[in-house]
Every structure is written in C-alpha cells, then in structure tokens.
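Here is how the chains run, residue by residue.
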Amino acid sequence: QKEVEQNSGPLSVPEGAIASLNCTYSDRGSQSFFWYRQYSGKSPELIMSIYSNGDKEDGRFTAQLNKASQYVSLLIRDSQPSDSATYLCAVCDRDDKIIFGKGTRLHILP
Amino acid sequence: DVKVTQSSRYLVKRTGEKVFLECVQDMDHENMFWYRQDPGLGLRLIYFSYDVKMKEKGDIPEGYSVSREKKERFSLILESASTNQTSMYLCASSLNPPDTQYFGPGTRLTVL
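The structure displayed is predicted, hence computed values, not measured ones. Going along each chain's sequence as written, the residues are numbered from 1 onward. The naming scheme follows written order: chains are lettered A onward, ligands numbered 1 onward. It should be noted that, the model being predicted, local features are given only for residues of pLDDT at least 70 and side-chain atom pairs only at 80 or more, the latter also being counted only at that level, while totals for whole chains, interfaces and linings use all residues. Values reported for side chains reflect all heavy atoms of the structure, with hydrogen atoms and water molecules removed beforehand.

**Focus: the nonpolar core**
Argument step 1. Definition used in this section: a nonpolar core is a set of buried Ala, Val, Leu, Ile, Met, Phe, Trp, Tyr and Cys residues joined via side-chain atoms within 4.5 Å. To sort residues, take the accessible area from a 1.4 Å probe on protein chains only and compare it with the maximum for the residue type: under 20% means buried, over 50% means exposed, and anything in between is partly exposed. Formed by 24 residues in total, the largest nonpolar core has its most connected members in Trp35(A), Val72(A), Leu74(A), Ile76(A) and Tyr87(A).
Argument step 2. Aside from chain neighbours lying at most four places away, what touches Ile76(A) is Ala17(A), Ile18(A), Ala19(A), Leu21(A), Arg60(A), Phe61(A), Asp83(A), Tyr87(A) and Leu106(A).
Argument step 3. One finds Val4(B), Leu76(B), Ala81(B) and Val111(B) within the second-largest nonpolar core, a separate group that totals 20 residues. Whether two residues are in contact is decided by their heavy atoms, any of which lying within 4.5 Å being enough.

**Digging into the interface of chain B and chain A**
Argument step 1. Contacts between chain B and chain A engage 20 residues on the former and 15 residues on the latter.
Argument step 2. Using a 1.4 Å probe, buried area is obtained as the accessible area two parts lose upon being combined, added over both of them. Note on chain B versus chain A: buried area summed over both sides is about 1400 Å², and carbon and sulfur give 53% of it.
Argument step 3. Three residues stand out in chain B for area buried against chain A, namely Pro98(B), Thr100(B) and Phe103(B), and they jointly supply 31% of the buried area on that side.
Argument step 4. By convention in these notes, a salt bridge is any Lys or Arg side-chain nitrogen within 4 Å of a carboxyl oxygen on Asp or Glu. In this assembly, chain B and chain A are joined by one salt bridge.
Argument step 5. We note a salt bridge from Asp59(B) to Lys97(A), for which the minimum N-O separation is 3.0 Å.
Argument step 6. In protein, a polar contact requires one atom able to donate a hydrogen and another able to accept it; more generally it is a pair of N or O atoms within 3.5 Å, and residues adjacent in sequence count only if both atoms are side-chain atoms. Across the chain B-chain A interface, the total number found is four residue pairs in polar contact (both at pLDDT 80 or more).
Argument step 7. A helix here means a DSSP run of H or I that spans at least four residues, while a strand means a run of E at least two residues long, and both kinds are numbered starting from the N terminus. Listing elements by their share of the side of chain B that touches chain A, those giving two or more residues are strand S4 (31-38), strand S5 (42-49) and strand S9 (87-94) of chain B.
Argument step 8. Ten residues, namely Ala, Val, Leu, Ile, Met, Phe, Trp, Tyr, Cys and Pro, are considered nonpolar, four, namely Asp, Glu, Lys and Arg, are considered charged, and the remaining ones, Gly among them, are considered polar. Of the residues belonging to the side of chain B that touches chain A, the class tally is 11 nonpolar, six polar and three charged.

**Section: the sheet that holds strand S3 (residues 19-25) of chain A**
Residues and elements named next belong to chain A.
Argument step 1. When DSSP finds at least two bridges between two strands, those strands are taken to pair. Spatially, five strands are ordered S1-S3-S8-S7-S6 in an open sheet, and the strand pairing comes out antiparallel. Two strands bound the open sheet, and with one partner strand each, they are strand S1 (4-5) and strand S6 (54-58).
Argument step 2. Taken together, the two bridges between S1 and S3 define a ladder with antiparallel strand orientation. Counterpart to Val 4 in the pairing with S3 is Tyr 25.

**Regarding unusual backbone geometry**
Residue and element names in this part refer to chain A.
Argument step 1. The residue after Gly 9, namely Pro 10, is reached through a cis peptide bond having omega 10 degrees.
Argument step 2. Relative to the elements of secondary structure, Pro 10 occurs in the loop between S1 and strand S2 (11-14).
Argument step 3. Positive phi, close to 45 degrees, is recorded for Asp 78, a residue that is not glycine.
Argument step 4. Relative to the helices and strands, Asp 78 resides in the loop between strand S8 (71-76) and strand S9 (85-92).
Argument step 5. For Asp 78, a relative accessible area of 40% corresponds to the partly exposed category.
Argument step 6. Even without glycine at this site, Asp 96 takes up a positive phi of about 65 degrees.
Argument step 7. Here Asp 96 is to be found in the loop between S9 and strand S10 (98-100).

**What to know about the state of the cysteines**
Residue and element names in this part refer to chain A.
Argument step 1. Cysteine sulfur atoms are paired as a disulfide whenever they fall within 2.5 Å. One pass over the structure, following the stated rule, counts two disulfides over all chains.
Argument step 2. Disulfide partner of Cys 23: Cys 89, at an S-S distance of 2.1 Å. Disulfide Cys 23-Cys 89: the torsion about the S-S bond is -70 degrees, which places it as left-handed. Remark: Cys 89 occurs in strand S9 and Cys 23 occurs in strand S3; sequence separation between them is 66 residues.

Nothing here speaks to function; it is all geometry.
See the structure below:
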C-alpha cells in the first residue's frame, strides 16, 4: 500500500517565524509532488507543485524535494495568522495515481 | 481560471434515499474525481474517470456509483443512503493524471 505520511499537528508557530511542514512518501517512483492548503470547512487549494530535486520558491512559500530520502517539505516564511489552515501533501505515484496525506494542522500564534 | 462547481453546498437526506451529487468543470479537463473527507481519515478516493463514459473504482467505491455522460460533468450516486455516508464530498478535475487537481467547493451531506 503506497503511503504519504504527515504529522497531524497541530503545529504552532509564532507570527513572523518560519513554519516548516514535512511529508514522506513510500513509492520511490513518484514523480509529481503538490502542497494544498485547506481552510476549515473549505476545499483544498493548490499552493505549489514541485517535480525535481531541490527548492522551488513562490513568494513566502518554498517547496523542497529530496527524492533520495523520499521527502518533501513546505516552508512558509514570515508566517501570518491567515496561514493557519491544514496543509495537505499529495504525491503522484508511478501509476499516475495521486495519493494525499492526511494533512498537518498549522496554527500561527498572533 | 479553472472552475469546478458542485450542485449543493449542504444536503440532508434520509436513510434509504437515492442521492445524486453533481460536479461540473469548465476547463475541458479529461480527468475527474470524487473524494470523501472525514476527520482523521483524510481524503479518500471513491471513483474517478479519465474519459467520457469511463469510470474506475477508487479506494472506497462500496455503496456508490458514478456517471460521466459528458466530459464536463461527473455525477456521484448513492444508491441507498446510509448514516455512515454522512461526510464532506469533494469533486476534483485535472488535465492529465499527474497534474494538479482542482477542487470544487464540496458538498456536506448529512444522512439521517
């Protein structure tokens, strides 16, 4: 059974600090990786996608991928209260099937 | 911008009723998906479709069926609703299987 693992949290981070969210996956043949943000009662929305090893930056968000370690992370710089949400990691496995983690709840402390 | 719409935001049905949840996307996406989301269990794939009139079972298809008669529309059917089908139902679409999935706003279904 292919899996995507995330710490459920809650992860509490002071406003203005860096929030670091982590995700591991089991299928070494996975090729595409996604981070979604989901506010309570709302549907997931895409924050970033990453396909190759290394870092990808978009504004305050940086996705990091390490395929050798089967690890993908999301860094949020200058965290804001509006960043408080559940963050879902999603991985497209070798069979082109998207597998979602259960999400990490992030709480930014004002 | 991709837009995925779902027929209802909130729905209350009685046990044994037949329930239709409809999803429409406006970006000519090939792939459409139905998930349910429950606290502690995350997103679970019910059914998906890679083409018109094509459907594939996901991880939890029991008690559900789907219909895709047109490319833009993917319907989820609960043949005989049960209380354990009370959940948030999310529809998504994507251009190709490995690509980003875009989600609709969700339907919160309560079965009494």
